[in-house]
Amino acid sequence: MPRTHPDRHPSVPLLYLTGMLLLFACTETGDPPANGTREAHGDPAREEILQQISRIRHIRPKAPVQSIVQARALLPRADSLATPAAVQELHRILAVALHDLGRTDSARMHAEKSLALARESGEASTIAEALITAGIARYGAGSLDSAMLYFSEAERFIDTETDSLLLAMLYANRANVLSRRGDFLQSTKEYLSAIRLFEAVGRDAERAILYDNLASDNSRWGNHEQAIVYYRRAIDINRADSNLSQLAGNYANLGVSYKELGDLKQALAAYEQSLTLSRQLQNNTQIAQNLHNMGNIYRRRNELARAKNAYEESMRICENAGLRYGLLLNTIGLGGVSTLLGEPDRAVTLLRRALASARRMGLPEEEAEVCAALSDAYEAEGNWREALAMRKQHDTLRD
């Protein structure tokens, strides 16, 4: 469960997320490297390598670890057969897959190797794709200016008449950087340009991801009505494609926007949709997060028994899955509900545990929240001295 926003579910679980937005890797279509076909022409061994690369490209989005193992195993053979296009593409795949897993230094190293070989090839589209990959690796390392330089250079190598997919990938990644910089208007413009290009080439999955990104941006800037419009568009696409994993995230994020608007009925309905899908997918992290979010809604609606049940089930999942932050949030929630249910002793026990966890994890905002809840619990017990002490600790942490 992400620490940045307890209610927010990352839009997609496909790639390593630095922030809330997915960075697109380049085209993972299973096609051979752009400049590799003529290298392999008439050579069975080289053709076999290209076929293996195509398979690795295909599995990379859903199985990054497996793709890394296979790409590393294939590299020495491709190198020994003097197939620079294959070696270049394997380094590019490794860069993207390592980025997926958050291994930024290794991703950057392979991206640079891929780019060097791409430049040697002289193939414009290959260079552009390698530059985009290098930009992604720089973004993953937090070097936004460097990432934008790579993206700007990549644009010079893209034929805007024939390389619509590559141009869409460029716009999408550039929009992500602009979004992270806080340039909302320009990032929106680039997202919409990318969406139009993806629609033209029939790439609905990418359109859905970008609509979710646009929605998340609008939600972040307080434009919740527009966020809902974009989340609904993502939902329509993912439902048509039966993309349950992304659909679960769309509904969870939709619930946040409805909650921020105060529409608790619609928020709860969206969380319930996400929970149903998360159970189908057996994704315990999503299940726990949805239950926690539903507990928050039930509490606000004063449906305390339902809130208690939701928090307790989410706690059990977090304990079994080792989700420490999720466990902390649910302990805080259950402690607060226990106070409201007239169980202050249980509330104090739970919240004391939460206080120790928040301090151990170095989370001052959560520690302040626990102190406020503990103050309420002690007051319900009639322990005015401890109630006042906790309130003072809360005020100190908030200052």
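Small disclaimer: the values here were computed from a predicted structure and weren't measured.

Caption draft 1: Focus on the overall build of the protein. Helix and strand content of the protein: 19 helices and 0 strands. Pairs at least 24 apart in sequence give 59% of the contacts found in the protein among residues at least 6 apart.

Caption draft 2: Spotlight on the packing of helix α2 (residues 44-59) against helix α3 (residues 64-80). Interhelical geometry of α2 versus α3 gives an angle of 160° and a closest axis separation of 10 Å. Judged on the interaxial angle alone, α3 and α2 are roughly antiparallel. As α2 runs across α3, the sense of the crossing is left-handed. Where α2 abuts α3, its residues A45, E48, I49, Q52, I53, I56 and I59 lie against Q66, S67, Q70, A71, L74, R77 and A78. Grouping the amino acids of the contact of α2 with α3 by side-chain chemistry returns 8 nonpolar, 4 polar and 2 charged.

Caption draft 3: Seen up close, the packing of aromatic side chains. What the rule picks out here adds up to 2 aromatic pairs. Between the aromatic rings of F184 and W221, the centroid separation amounts to 5.9 Å while the plane-to-plane angle is 45°, which identifies the pairing as tilted. Note that F184 is positioned in helix α9 (residues 184-200) and W221 in the loop between α10 (204-220) and α11 (224-240), a separation of 37 residues in sequence. Taking relative accessible area as the criterion, W221 reaches 45% and is therefore assigned partly exposed.

Caption draft 4: Representation of helix α18 (residues 364-381) within the structure. Taking 1.5 Å of rise per residue, the 18 residues of α18 would be expected to cover 26 Å, and the 25 Å separating its terminal C-alpha atoms lies within 8% of that figure. E366, E367, A368, V370, C371, A372, A373, L374, S375, A377 and Y378 are the residues of α18 that are buried. Turning to α18, the residues buried within the fold contact α16 (324-340), α17 (344-361) and α19 (384-398). One or two residues past the end of α18 sits G382, with phi positive at roughly 90°.

Caption draft 5: Highlighting the environment of R233. Mapped onto the secondary structure, R233 falls in helix α11. On the basis of relative accessibility, which here comes to 38%, the residue R233 falls in the partly exposed class. Taking the C-alpha atoms as reference points, R233 and Y211, 22 residues apart in sequence, are found 6.7 Å from one another.

Caption draft 6: Looking closely at the confidence of the model for the protein. Scored by pLDDT, the protein comes out at a mean of 89, with 89% of its residues at no less than 70. Overall, residues 1-6 carries pLDDT values under 50, and its contacts beyond four positions in sequence, including any with other chains, amount to 22 contacts. Note on residues 29-34: pLDDT under 50 across the span, and 14 contacts to partners over four residues away in sequence or across chains.

Caption draft 7: Highlighting the environment of D241. Tracing the backbone through its elements, the reader meets D241 in the loop between α11 and α12 (244-260). Setting aside anything within four residues of it in sequence, one finds D241 in contact with D204 and A205.

So, how was this worked out
Residues numbered from 1 in each chain as written. Predicted model: local features only at pLDDT ≥ 70, side-chain atom pairs only at ≥ 80, totals over all residues. Heavy atoms only, no water. Helix = DSSP H or I, 4+ residues; strand = E, 2+ residues; numbered from the N terminus. Contact = heavy atoms within 4.5 Å. Axes fitted to C-alpha atoms, helices over the stretch in contact; angles between N-to-C directions. Parallel < 35°, antiparallel > 145°, perpendicular 65-115°, else oblique. Left-handed = near helix turned anticlockwise from the far one by under 90°. Nonpolar A, V, L, I, M, F, W, Y, C, P; charged D, E, K, R; others polar. Phe/Tyr/Trp six-rings, centres within 6.5 Å; stacked < 30°, edge-to-face > 60°. Buried < 20%, exposed > 50% of the residue type's maximum accessible area, 1.4 Å probe, protein only. Expected span 1.5 Å × (residues − 1). pLDDT = per-residue confidence, 0-100.

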